[in-house]
Amino acid sequence: QHLVNCSSLQELHECFLPVVAELYQNYRSLAYGEPDTIDQVQAYINQNYQQKLTLSSLSEIFYFSPNYLSTLFCKKTGVTLSTYIKNVRMRRAKQILSDTRLSINEVARLVGYNDYRHFCSLFKKEFHQSPHHYRLTHSSQSEPVKESR
């Protein structure tokens, strides 16, 4: 019924692309035992969290429309793509803060945030404490770290 309402070739393309992509992915998964696309997207994010990752860039890499990838990702994982990226980065930031003496600014850059204040704000919202306080209470380093921005 939705196809009947398509008034342009572009709309028709947008209707068919997700269906064809899903069919193709299901075929590949069944025929070759390949991991599904969302598993591949998650693996890519886990390996490249320090880079600039956007819905648009991931869509280009995995050959899906941004809307379809976003919907598929959320349907499979239960979280949005941006939330998943943030969660990966925040877990890694906690690990780096606990295990190294790098400045918080360096930690922010290592996990993909160029803006120190934005990183600190996200960290505090996620863990209810600043990165500096987290380090003080969870550090495996013996000496306190002097922070520089």
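What counts and what doesn't
- Within each chain, residue numbers correspond to sequence positions counted from 1 in written order.
- Note on the predicted model: pLDDT of at least 70 is required for a residue's local features to be given, and 80 or more for side-chain atom pairs to be given and counted; whole-chain, interface and lining totals, by contrast, use all residues.
- The basis for every side-chain value is the complete set of heavy atoms in the structure, and neither hydrogens nor water enter the calculation.
- Secondary structure counts use DSSP, requiring at least four H or I residues in a row for a helix and at least two E residues in a row for a strand, with both numbered from the N terminus.
- Areas reported as accessible are Shrake-Rupley estimates using a 1.4 Å probe. Residue values count occlusion only from the protein chains shown.
- The axes are straight lines fitted to the C-alpha atoms, using for helices just the contacting stretch, and the angles between their N-to-C directions are given from 0 to 180°.
- Between 65 and 115 degrees an angle is taken as roughly perpendicular, under 35 as roughly parallel, over 145 as roughly antiparallel, and anywhere else as oblique.
- Should the near helix be turned anticlockwise from the far one by less than a right angle, the crossing is left-handed, and should it be turned clockwise, the crossing is right-handed.
- Contacts are assigned to residue pairs that have any heavy atoms within 4.5 Å of one another.
- Residues are grouped as follows: nonpolar covers Ala, Val, Leu, Ile, Met, Phe, Trp, Tyr, Cys and Pro; charged covers Asp, Glu, Lys and Arg; every other residue, Gly included, is treated as polar.
- When accessible area is computed with a 1.4 Å probe and restricted to protein chains, residues below 20% of their type maximum are described as buried, those above 50% as exposed, and intermediate ones as partly exposed.
- For this analysis, a ring pair means two rings from Phe, Tyr or Trp (six-membered ring only for Trp) whose centres lie within 6.5 Å, classed as stacked if their planes differ by under 30 degrees, edge-to-face if by over 60, and tilted for the remaining angles.
- To estimate how far a helix should extend, the number of its residues minus one is multiplied by 1.5 Å.
- Criterion for a salt bridge: a side-chain nitrogen of Lys or Arg within 4 Å of a carboxyl oxygen of Asp or Glu.

S.K.: Help me understand the overall build of the protein chain, please; the structure alone is not making it clear to me.
M.R.: Scanning the protein chain from terminus to terminus reveals eight helices and zero strands. For the protein chain, the succession of helices and strands along the chain, N to C, is α-α-α-α-α-α-α-α. As displayed, the protein chain offers around 9700 Å² of accessible surface, 53% of which is attributable to carbon and sulfur atoms.

S.K.: How should the packing of helix H2 (residues 37-48) against helix H3 (residues 55-62) be read in this particular structure?
M.R.: When two helices pack together, their arrangement is given by the angle between their axes and by how far apart the axes lie. The N-to-C vectors of H2 and H3 enclose an angle of 125 degrees; their axes lie 11 Å apart at closest approach. As the angle between them shows, H2 and H3 are arranged oblique. Taken as a pair, H2 and H3 cross one another with a handedness that is right-handed. Between H2, through Thr-37, Gln-40, Val-41, Tyr-44 and Ile-45, and H3, the contact on the second element is made entirely by Leu-58, Ile-61 and Phe-62. Broken down by class, the residue content of the contact of H2 with H3 amounts to six nonpolar, two polar and no charged.

S.K.: How should I be thinking about the environment of Gln-51 in this particular structure?
M.R.: Checked against the element boundaries, Gln-51 lands in the loop between H2 and H3. Residue Gln-51 is classed as partly exposed on the basis of its relative accessible area of 37%. Taking the C-alpha atoms as reference, Gln-51 lies 5.5 Å from Gly-112; in sequence the two are 61 residues apart. The residues touching Gln-51, leaving out its near neighbours within four places in the chain, are Tyr-44 and Arg-89.

S.K.: What am I meant to see in the packing of aromatic side chains here?
M.R.: Each aromatic ring pair is specified by the distance between its two centres and by the angle formed by the two planes. Applying the stated criterion across every chain yields a total of seven aromatic pairs. Note on Phe-64 and Tyr-68: the rings are 5.2 Å apart at their centroids and 45 degrees apart in plane angle, and the pair reads as tilted. Both residues of the pair, Phe-64 and Tyr-68, belong to the buried class. Taken together, a centroid distance of 5.9 Å and an interplanar angle of 50 degrees make the contact between Phe-119 and Phe-123 tilted. You can see Phe-119 and its partner Phe-123 sitting in helix H7 (residues 116-127), four residues apart, about one turn around the helix.

S.K.: Just checking my understanding: could you explain helix H5 (residues 81-99) for this structure?
M.R.: Within an α-helix, residues lying three or four positions from one another point in the same direction, as the helix has 3.6 residues per turn. Helix length check: H5 (19 residues) gives 27 Å between terminal C-alpha atoms against 27 Å at 1.5 Å per residue, within 8%. Those residues of H5 lying buried are Leu-81, Tyr-84, Ile-85, Val-88, Arg-89, Met-90, Ala-93, Ile-96, Leu-97 and Ser-98. Residues of H5 that are buried make contact with H2, H3, helix H4 (66-77), helix H6 (104-110), H7 and helix H8 (131-138).

S.K.: How should I be thinking about the pattern of salt bridges in this particular structure?
M.R.: Between side chains of opposite charge, a pair can form when the charged atoms approach closely. Going through the model one piece at a time under the given rule, you end up with three salt bridges. One salt bridge in this structure joins Lys-76 and Asp-39, with 3.1 Å as the shortest N-O distance. Here the residue Lys-76 occupies a position in helix H4, and Asp-39 occupies one in helix H2, the gap between them amounting to 37 residues. Across the pair Glu-126 and Lys-86 runs a salt bridge, and its minimum N-O distance is 2.7 Å. One end of the pair, Glu-126, is in helix H7; the other, Lys-86, is in helix H5, and 40 residues separate them in sequence. We classify Glu-126 as partly exposed; its relative accessible area is 31%.

S.K.: Explain unusual backbone geometry to me, please; I cannot follow it from the model alone.
M.R.: Comment: phi is negative for the bulk of residues other than glycine, and the bulk of peptide bonds are trans. Positioned with a positive phi, Tyr-63 is a non-glycine residue whose angle comes to about 60 degrees. Exposure remark for Tyr-63: the relative accessible area of 72% places this residue in the exposed category. Even without being glycine, His-128 reaches a positive phi, approximately 60 degrees. Note on placement: His-128 falls in the loop between H7 and H8.

Any link to function would need more than the numbers given here.
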